[in-house]
Amino acid sequence: MKSEDNKPFLHVTGGLLLCILAVASGIFDGAHTDTGYEHYAEPMVPGMPAFLAMPANCLINLAYVLLGWYWWPSGDKGRQTYFQEVFALMALLYGPTQWVRLWTQRHWAAVLDQLLTLPIFAWVIIWCLFLENGWEPYVFLAIEVTSLTSYALALLHTQGFELALSGHIIVVLWRILKVQKHFGNASSIWIIVLGTMCCFGFVSLKVWDRELAQWAFFSRLTGHFWSKVCDVLQFHCAFLFLTLMSRYQLSSVK
């Protein structure tokens, strides 16, 4: 394997290690997180081990792993596939991270889950910038660093993480629409519409998890579960859109 082929793995695992070290240092101990099974509408199943105490919410995290495996690029490696590999690795690692949070119900696991969410959204911004402006590694690094440091808002306010995430979502939508303007067509605009709907479901279903549980449809497969389904689908839509735009961008260069 060429050293170039290792770069996505090294970059993603290196970033994950830095996040783990930051959480372990205690710098984010003051961040507000929801820990404890009382914050979830899904009832615990008696007799199940802790890592499957809420089976639906736990097992849905396998979908992130399957998504990352599905979108792992094959064939020749290059700068275009680098972005796809990094994104696929992010999906592969994000599922187990969320599972650990549900399993342990510990503050450090919740912080790590939130912290890793932000650079995933930031990677969509970076991929869009690459399609528009080409290879700018220092710009990309600055964006990821800014994304991670924005989590400091969680230390300043109980809704700080939600504010940081909202900012990421707004910028993602802005950059996607710019790429759509340059390279898109009718097919890609429908991907954007579907992805936006999934993003809304990802946010709203999680927020209304306990309120929705009064309805029979959400009594076992709760709002939190369907929120994760929407999250996987918006992840998938991001892959669909960005790989499609990558092909269009390559064809326009030729």
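Rules used in this analysis
- Residues numbered from 1 in each chain as written.
- Predicted model: local features only at pLDDT ≥ 70, side-chain atom pairs only at ≥ 80, totals over all residues.
- Heavy atoms only, no water.
- Patch = residues over 30% accessible without salt bridge, like charges linked within 9 Å, V, L, I, M, F, W, Y side chains within 5 Å.
- Areas by Shrake-Rupley, 256 points an atom, 1.4 Å probe, with all protein chains shown as cover.
- Salt bridge = Lys/Arg side-chain N within 4 Å of Asp/Glu carboxyl O.
- Helix = DSSP H or I, 4+ residues; strand = E, 2+ residues; numbered from the N terminus.
- Axes fitted to C-alpha atoms, helices over the stretch in contact; angles between N-to-C directions.
- Parallel < 35°, antiparallel > 145°, perpendicular 65-115°, else oblique.
- Left-handed = near helix turned anticlockwise from the far one by under 90°.
- Nonpolar A, V, L, I, M, F, W, Y, C, P; charged D, E, K, R; others polar.
- Core = buried A, V, L, I, M, F, W, Y, C linked by side-chain atoms within 4.5 Å.
- Buried < 20%, exposed > 50% of the residue type's maximum accessible area, 1.4 Å probe, protein only.
- Contact = heavy atoms within 4.5 Å.
- UniProt positions renumbered as here; feature names shortened; annotations may be inferred.
- Phe/Tyr/Trp six-rings, centres within 6.5 Å; stacked < 30°, edge-to-face > 60°.
- Lys NZ or Arg CZ within 6 Å of the ring centre and 35° of its normal.

Peer 1: Looking at this structure, I do not really get a nonpolar patch on the surface. What am I missing?
Peer 2: Where nonpolar side chains cluster on the molecular surface, the patch consists of Leu-173, Leu-177, Ile-189, Trp-190, Val-193 and Met-197 and spans about 580 Å² of accessible area. Listing elements by their share of the nonpolar patch, those giving two or more residues are α8 (160–183) and α9 (186–207). It is α9 that provides the largest number of residues to the nonpolar patch, a total of four residues.

Peer 1: Mind showing me how you'd approach the packing of helix α4 (residues 79–104) against helix α5 (residues 107–133) here?
Peer 2: Angle between the axes and distance between the axes are the two parameters that describe a pair of packed helices. Orientation of α4 relative to α5, taken along the N-to-C sense of each, is 165°, at an axis distance of 9 Å. Taken together, the axis directions place α4 and α5 in an arrangement best described as roughly antiparallel. Here α4 runs over α5; the crossing is left-handed. Split by residue class, the contact of α4 with α5 holds 20 nonpolar, seven polar and three charged.

Peer 1: Looking at this model, I keep getting lost on the nonpolar core. Mind explaining?
Peer 2: The tendency in soluble globular proteins is for nonpolar side chains to be buried side by side. One finds Phe-87, Trp-123 and Tyr-151 to be the most contacted residues of the largest nonpolar core, which totals 62 residues. Mapped onto this core, the elements with two or more residues apiece are α1 (3–24), α3 (62–70), α4, α5, α6 (137–149), α8, α9 and α11 (223–253). In terms of residue count, α5 provides more of this core than any other element does, 17 residues in total. Not counting chain neighbours up to four residues away, the residues in contact with Trp-123 comprise Tyr-82, Phe-83, Val-86, Phe-87, Met-90 and Glu-144.

Peer 1: Teacher, can you tell me more about the UniProt feature "transmembrane region" (unreviewed entry) in the protein chain here?
Peer 2: Mapped onto the present numbering, the UniProt feature "transmembrane region" (unreviewed entry) falls at residues 9–28, 48–70, 108–131, 160–177, 189–205 and 225–245. Each end of residues 48–70 is marked by a C-alpha atom, and these two atoms are 30 Å apart; helix forms 61% of the span and strand 0%. Counting secondary structure, residues 160–177 comes out at 100% helix and 0% strand; the distance between its end C-alpha atoms is 26 Å.

Peer 1: Hey, could you run me through the pattern of salt bridges in this one?
Peer 2: Scanning the model with the defined rule gives three salt bridges in all. Across the salt bridge formed by Arg-175 and Glu-132, the nearest N and O atoms sit 2.6 Å from each other. With Arg-175 in helix α8 and Glu-132 in helix α5, the pair connects residues that are 43 residues apart, well separated along the chain. Residue classification places Arg-175 among the buried positions, given a relative accessible area of 8%. Lys-178 is paired through a salt bridge with Glu-132; the nearest N and O atoms lie 3.8 Å apart. Here Lys-178 is found in helix α8, whereas its partner Glu-132 is found in helix α5, with 46 residues between them in sequence. Here Lys-178 falls in the partly exposed class, since its relative accessible area comes to 30%. Several salt bridges converge on common partners, so that one network encompasses Glu-132, Arg-175 and Lys-178.

Peer 1: Looking at this model, I keep getting lost on the packing of aromatic side chains. Mind explaining?
Peer 2: Two aromatic rings are characterised by how far apart their centres lie and by the angle between their planes. Taken as a whole, this structure holds 25 aromatic pairs when the rule is applied. For the ring pair Phe-83 and Trp-127, a centre distance of 6.3 Å and an interplane angle of 25° mean the geometry is stacked. In this pair, Phe-83 is assigned in helix α4 and Trp-127 in helix α5, connecting sequence segments 44 residues apart. Classification of Trp-127 as buried rests on a relative accessible area of 1%. Seen in terms of ring centroids, Phe-217 and Phe-218 are 5.0 Å apart; in terms of plane orientation they differ by 85°. Their pairing is edge-to-face. We classify Phe-218 as buried; its relative accessible area is 16%. Lying across the ring of Trp-174, Arg-175 places its NZ or CZ 4.5 Å from the centre.

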